[in-house]
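Secondary and tertiary structure notes
What follows is the residue order along each chain.
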Amino acid sequence: MNTQEIITLFERHVIPNYTRMPCAIVRGRGSRVWDAEGREYLDLFPGWGVSALGHCHPRVVEAVRSQAERLFHVPNTFYIEEQGRLAERMGAESEMDGRLFFCNSGAEAAEAAIKLVRLHAEGRHKIVTAEHSFHGRTYGAISATGQPKYREGFGPTVPGFVHVPYNDVEAARAAVDDETCAIFVEPVQGEGGVRPATRDYLTGLRALCDERDLVLVFDEVQTSPGRLGTVFGYQHFGVTPDAVTTAKALAGGLPMGALMVRPELASALRPGTHASTFGGSPIVSAAAIAVFEALREDGLLENVRAMSARFAERLEALRPRGLGIREVRVCGLMIGIELDVPGAAVVRRAREQGLLINCTQERVLRMLPAYTISAEEVDRGVDLLAQCLASPAANA
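Just so it is clear, the structure is predicted and the values come from calculations on it, not from any experiment.

About the thresholds
Residues numbered from 1 in each chain as written. Predicted model: local features only at pLDDT ≥ 70, side-chain atom pairs only at ≥ 80, totals over all residues. Heavy atoms only, no water. Helix = DSSP H or I, 4+ residues; strand = E, 2+ residues; numbered from the N terminus. Rg over C-alpha atoms; globule rule 2.2 N^0.38 Å. Buried < 20%, exposed > 50% of the residue type's maximum accessible area, 1.4 Å probe, protein only. Contact = heavy atoms within 4.5 Å. Areas by Shrake-Rupley, 256 points an atom, 1.4 Å probe, with all protein chains shown as cover. Lys, Arg positive; Asp, Glu negative; His and termini not counted. Charge placed at Lys NZ, Arg CZ, Asp CG, Glu CD. Arc of directions from axis to C-beta. Pairing = 2+ DSSP bridges. Axes fitted to C-alpha atoms, helices over the stretch in contact; angles between N-to-C directions. Core = buried A, V, L, I, M, F, W, Y, C linked by side-chain atoms within 4.5 Å.

So, about the overall build of the chain. For the chain, the count of helices and strands is 12 helices and 17 strands. Computed over its C-alpha atoms, the radius of gyration of the chain comes to 21 Å, within 12% of the 21 Å expected for a compact globule of 396 residues. Summarising its shape, the C-alpha atoms of the chain cover approximately 60 × 55 × 45 Å along the three principal directions. Every one of the 396 residues in the chain was classed for burial, and the buried ones make up 54%. Look at the contacts in the chain between residues 6 or more apart in sequence, and 71% of them connect residues 24 or more apart. When the accessible surface of the chain is totalled, it reaches about 17300 Å², and 52% of it is carbon and sulfur. Here the chain carries 42 positive and 49 negative side-chain charges, and the mean point of each set is 4 Å from the other.

This is how it looks when you write it as structure tokens:
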């Protein structure tokens, strides 16, 4: 089928809840994808950060192929070897002997975290989150999210969430009362504009939670595993939370989410309180194990750090060129380029030139490149972006 035929198919049969680009991607390899007409694109936003090892990474492909020949799925009323091995690996990498609950997405991991902290607190229910945060699109997750636009039309939402300014410890302190059970925070706000937390902020939240007997939850759906050049994002900042949610990059392109908690919190999710039919199935667990093997054995964490520095250097060099760049924010391979003007036209122009990027918060160009990206691909991507920013069409 060609692109127009695929678009027509969607118009007839699929609910139009997405704003879709007029492009049908049919094949991918590494940081490149091809559309139905065979046109090649450099993908610097692969699967919204899901395909973090690049499209169709050989380790993940082989893990899925091998597991598919043995067992696709078995319910969580049985013990699943692959899930157990993955939990062991993640707990060891966490340096907190973490215990795992597996699900299918970041929003589901957030839901599990909300349930766990309220059960653990035995009566306390308030959760402090940050303005401009994003935690997913389920009812609990949009209630936690600190952006009113995601709650419009859905009220009443889940009560008990208090939103305070990001990177402001005193604002969080002022919001805590005797009914508070937890603080939820993203080490780097992704959808909020690629805004990193300061080390002092996260250290201050850790101290506040210790002082008031609160659970500190880091939403690492975008920052782990590997996105900041460390296995978990909190390791980049040197501040250890009590619980971590993760998802996007976890299974190398397959749907998987997880909640990891300190051992003393794990018993709060006792049998009957929470579940996931597909969570941690053999096939996605096998894929996730392959992701962790690649991070450690293929030097990908080192490549993330090296390519992060290269992106930062190349993008900062564009700022004096009068291209409308207000600020460049690079944290690992989370990249935000804040513009003086709306970025939608730049994203459109980039796609026309064979470059796939994203825009969030109206003016922030966002890139979440694959950890396998090469120096040559970084340079090509930055050069294409510079051309698009210099084009009169970018401001149209």
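Here the narrative resumes, following the displayed structure.
Looking now at helix α2 (residues 58-68). Three- or four-residue spacings in an α-helix give side chains the same orientation, since the helix completes a turn every 3.6 residues. If you check which residues of α2 are buried, you get Val60, Ala63 and Gln67. Here the buried residues of α2 occupy an arc of 65 degrees about the axis, which is enough to place them on one side. Among the structural elements, α3 (81-94) and α9 (282-297) are those in contact with the buried residues of α2.

Reading across the sheet, the 4 strands line up as β1-β2-β3-β15 and stay open at both edges, with mixed pairing between neighbours. Strands at the two margins of the open sheet, each flanked by one partner only, are β1 (25-29) and β15 (355-356). Pairing analysis gives 2 bridges linking strand β3 (residues 40-43) to β15, with the strands arranged parallel. Looking across to β15, one finds that leucine 42 is bridged to leucine 355. Helix α12 (residues 375-390) contacts β2 (32-35), β3 and β15 of the sheet and is inclined by roughly 100 degrees relative to β3.

Below, the discussion takes up the nonpolar core. Core analysis: the largest hydrophobic core is formed by 90 residues, its most contacted members being Phe311 and Leu315. By residue number, the principal contributor to this core is α9, which donates 10 residues. Residues contacting leucine 315, with those up to four places away along its chain left out, are Val328, Val330, Ile335, Ile337, Met367, Val382 and Leu385.

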